[in-house]
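Listed here are the chains, written in short residue letters.
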Amino acid sequence: MASNKNLLMLPGDGVGPEVMHEVKRLIDWMARRRHVSFNISEDLVGGAAIDARGTPISKDTVAAAKAADAVLFGSVGGPQWDRLGFDMRPEISILTLRRELGLFANLRPAIVLEPLVSASTLKPDVVRGLDLMIVREATGGIYFGEPRGIETLPDGQQRGFNTESYTTHEIERVARVAFDLARKRQNRVCSVEKANVMESGLLWRQVVTALREREYPDVGLSHMYADNCAMQLVRNPRQFDVIVTGNLFGDLLSDLASMLTGSLGMLPSATLGAVDASGRRHALYEPIHGSAPDIAGKGLANPLAQILSFAMLLRFSFDMNEDATMIERACTNVLASGLRTADVMAAGCAKVGTQVMGEAVIREMEKLAT
Ligand code: NAD
C-alpha cells in the first residue's frame, strides 16, 4: 500500500527493540483493519550503532531522520557502553537528533488513567483524572548558555559557572507550541519561571504576556514561580492544563509530574521543531524511560509508553486523532481488564509480559473498531 507518511524507527538498546516490536505489530494491525500504512524505515542508534559502526549515530541516520515526517525512538544506553568517553556514549544519539532536527519543544503529558490511580504515591483524590501537559524548552537555557566552564581563581580555588539565557525568539516559539496545544485542550497556559530573581525569567514573563495579547487573546494565561509550581504540582496538580517553562525548570518539573502518575513504563513524550514554510515540522517521539538493562531481554518490559508515544506521533505529526484516541483507549481498557506488566502490578491483577500486553492492546483495538 503506498503511503506518504514517512516514519523512521530507531529502537536502540535494551528494552527499546522489545517495546518497539509491539508498535510494529500494532502498525500491521492498522494496515489490515484501518487501511492506513506508513513508509517505515529502521536504523541503529545508541550502543547498537556503536557496536556495528563505531558511532552512536551515523550521518546517514541523521539524514534519514531529517527526511522522515516523524521519528519513533526507543531507548539507548547500557552498562557495556558506560566506560566510553562522553562523546561516544549511546545517549549522544538523542542529543544529536535534537540538535540536528532543531527539536526545541519537549512535550510530556502526565495523565493518570483510572485503572492506575492507586499506582501514584499521592492520594487517589489528588491525582484522579489528572491530565496535564508540560512543554519544556529543550535546546536553550542554562544547559547550553555561554560562557560556561570551570576556572581556577587567583587564590587557587576553582569556580564552576553556567549561563541562563533566553532570547525573544526562543521564548516565543516554545510559548506558541504551548498556546496552540492549550487551544485543543482546556485553553489554559501556566508560564513558569523565576522572574522574581532572574532577568531571563523576567524577559520570559514579558515575552509570553505580549505574545498572548498579540496572538492568543482567547487563551487563559497565568504565571507562576518555579518553586511554587513544584509545590502546587504535588498539592493540587489538577489545577494545571498546559505548563510552559524553560529547560532547567522543565527538566525538574516534568520528572516530578511524571511520578504523579506513578509509573515510568507508561509515559510517552514528544519533541517538536518549528513549522517550516511548507507546514512541515520535525518531530521525535519516545518513551521517557531508558533502556532498562535490568530487565532487557526477559520479555518483561511494559510496552505501553512506546505504544502511547506512537499515539502521540499519530496525533501531532499525522493529524490522525481518531486513531490516536483509539490506541489510548485500548491501553486504558487493557489495564482496566486487570492485565499488568510487573512495573504496574497491583493486587488482584494478572501479571503478563511485553508480548501478551502488546497482543491485549491489539485485541482491544479490534473491539473498538467493530
Ligand atoms: P531506566 O528508565 O532505563 O530504568 C529505571 C527503572 O525503571 C528500572 O528498574 C527499569 O527496569 C524500569 N523500567 C524502565 N522502563 C520500563 C518499562 N518499559 N517497563 C518496565 N520497567 C521499566 O533508567 P536507568 O536505569 O537510569 O537507565 C538505564 C540506561 O538507560 C542508562 O544507560 C541511561 O543512560 C539510559 N537512558 C536512556 C534514555 C533514552 O534513551 N532517552 C532515557 C533515560 C535513561
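Nothing here was measured: the structure is a model prediction, and the numbers come from that model.

(A) Here's a closer look at the site of the ligand. Not every one of the 19 residues close to the ligand is listed here, only the nearest: Glu91, Gly290, Ala292, Asp294 and Asn302. Take Val76: an N or O atom from its main chain is 2.9 Å from an oxygen atom of the ligand. Glu91 is positioned with one of its side-chain polar atoms (N or O) 2.4 Å from an oxygen atom of the ligand. Protein burial of the ligand: of its 800 Å² of free accessible surface, 67% is covered by the chains. Class assignment of the residues belonging to the shell around the ligand gives a composition of seven nonpolar, eight polar and four charged.

(B) Quick look at the pairing of strand S10 (residues 242–245). Across the two faces of S10 the burial is the same, with Val242 and Val244 and Ile243 and Thr245 all buried. Where strand S5 (residues 131–137) and S10 come together, four bridges link them in parallel fashion. Bridge pairing in S10 places Met133 opposite Val242.

(C) Molecular detail of the pattern of salt bridges. Enumeration over the complete set of coordinates arrives at 27 salt bridges. A salt bridge links Lys24 to Glu42; the nearest nitrogen and oxygen atoms lie 2.8 Å apart. Here Lys24 is found in helix H1 (residues 16–33), whereas its partner Glu42 is found in strand S2 (residues 39–42), with 18 residues between them in sequence. In this structure Lys24 comes out as partly exposed when scored by relative accessible area, which is 28%. With a closest N to O distance of 3.5 Å, Asp69 and Arg280 form a salt bridge. Remark: Arg280 occurs in the loop between strand S11 (268–275) and strand S12 (281–287) and Asp69 occurs in the loop between helix H3 (59–67) and strand S3 (70–75); sequence separation between them is 211 residues. Of the residues examined, Asp69 reaches a relative accessible area of 18% and is grouped as buried. Judged by relative accessible area, Arg280 falls into the partly exposed class, the value being 30%. Bridged by salt links that share partners, the residues Glu172, Arg176, Arg214 and Glu215 form one connected network.

(D) Quick peek at the layout of surface pockets. The volume enclosed by the largest pocket comes to roughly 1200 Å³. Lining the largest pocket are 46 residues, and of these Leu107, Met133, Leu181, Arg315 and Phe316 sit closest to its centre. Among the elements of the structure, strand S4 (105–111), S5, helix H6 (168–183), S11, S12, helix H10 (304–317) and helix H11 (321–336) are those that each provide at least two residues to the lining of the largest pocket. With six residues, H6 is the largest single contributor of residues to the lining of the largest pocket. Of the residues belonging to the lining of the largest pocket, the class tally is 23 nonpolar, ten polar and 13 charged. Composition of the lining of the largest pocket by domain shows at least three residues from each of domain 1 (1–104 + 294–370) and domain 2 (105–272). Roughly 750 Å³ of internal volume is contained in the second largest pocket. As for the second largest pocket, its lining consists of 29 residues, and the residues nearest its centre are Glu91, Ile94, Leu95, Arg98 and Arg136. Per element, the largest residue contribution to the lining of the second largest pocket is six residues, and it comes from helix H4 (residues 92–100).

(E) Examining the sheet that holds strand S8 (residues 188–193) more closely. Ordered by their spatial adjacency, ten strands build an open sheet running S2-S1-S3-S12-S11-S4-S5-S10-S8-S9, and the pairing between neighbours is mixed. Every other strand in the sheet has two partners, leaving S2 and strand S9 (220–225) as the edge strands with one partner each. If you compare each strand with its neighbour and ignore which way they point, the axes differ by 20° on average. Here five bridges tie strand S1 (residues 6–12) to S3, and the two strands are oriented parallel to one another. Looking at S3, one finds that Leu8 is bridged to Val71. On the sheet, H4 packs against S1, S3, S11 and S12 and is oriented at approximately 155° with respect to S12. Across the sheet, helix H9 (residues 247–260) is in contact with S4, S5, S8 and S10; its angle to S5 comes to roughly 155°.

(F) Region of the structure containing the packing of aromatic side chains. Counted by the stated rule, this structure contains four aromatic pairs. Relative to Phe310, the ring of Phe38 has its centre 5.9 Å away and its plane inclined at 70°; by these criteria the two rings are edge-to-face. Here Phe38 is found in the loop between H1 and S2, whereas its partner Phe310 is found in helix H10, with 272 residues between them in sequence. Assigned by exposure class, Phe38 and Phe310 land together as buried. Each ring, one from Phe179 and one from Tyr216, has its centre 4.7 Å from the other, and the planes form 20°; the classification is stacked. Taken together, the positions of Phe179 in helix H6 and Tyr216 in the loop between helix H7 (199–215) and S9 put the pair 37 residues apart, joining distant regions of the chain. For Phe179, a relative accessible area of 1% gives the class buried. Looking at Tyr216, the relative accessible area reads 4%, which means it is buried. Between Arg173 and the ring centre of Phe104, over which it is positioned, the NZ or CZ distance is 4.2 Å.

(G) Inspection of the domain arrangement of the protein chain at higher detail. Looking at the assigned domains, one finds that the protein chain contains domain 1 (1–104 + 294–370) and domain 2 (105–272). Between domain 1 and domain 2, the residue contacts involve 17 residues of the former and 26 residues of the latter. Where domain 1 abuts domain 2, roughly 1800 Å² becomes buried across the two surfaces, and 73% of that area is made up of carbon and sulfur atoms. Three residues stand out in domain 1 for area buried against domain 2, namely Phe104, Met312 and Phe316, and they jointly supply 41% of the buried area on that side. Counting across the interface, domain 1 meets domain 2 through zero salt bridges. Taken together, the links from domain 1 to domain 2 amount to five residue pairs in polar contact (both at pLDDT 80 or more). If you list the elements that add at least two residues to the side of domain 1 that touches domain 2, you get H10 and H11. The element best represented in the side of domain 1 that touches domain 2 is H10, accounting for six residues. The residue makeup of the side of domain 1 that touches domain 2, split by class, is ten nonpolar, four polar and three charged.

Definitions and cut-offs
Residues numbered from 1 in each chain as written. Predicted model: local features only at pLDDT ≥ 70, side-chain atom pairs only at ≥ 80, totals over all residues. Heavy atoms only, no water. Near = heavy atom within 4 Å. Polar contact = N/O pair within 3.5 Å; in protein donor to acceptor, adjacent residues only side chain to side chain. Areas by Shrake-Rupley, 256 points an atom, 1.4 Å probe, with all protein chains shown as cover. Nonpolar A, V, L, I, M, F, W, Y, C, P; charged D, E, K, R; others polar. Buried < 20%, exposed > 50% of the residue type's maximum accessible area, 1.4 Å probe, protein only. Helix = DSSP H or I, 4+ residues; strand = E, 2+ residues; numbered from the N terminus. Pairing = 2+ DSSP bridges. Salt bridge = Lys/Arg side-chain N within 4 Å of Asp/Glu carboxyl O. 1 Å grid on protein atoms, 1.4 Å probe; cavity = no way out; pocket = protein on both sides within 12 Å on 5 of 7 lines; lining within 4 Å. Points joined across faces, edges and corners; volume = space filled by probe spheres on them. Domains from an automatic or database assignment. Axes fitted to C-alpha atoms, helices over the stretch in contact; angles between N-to-C directions. Contact = heavy atoms within 4.5 Å. Phe/Tyr/Trp six-rings, centres within 6.5 Å; stacked < 30°, edge-to-face > 60°. Lys NZ or Arg CZ within 6 Å of the ring centre and 35° of its normal. Buried area = accessible area lost by both parts, 1.4 Å probe.

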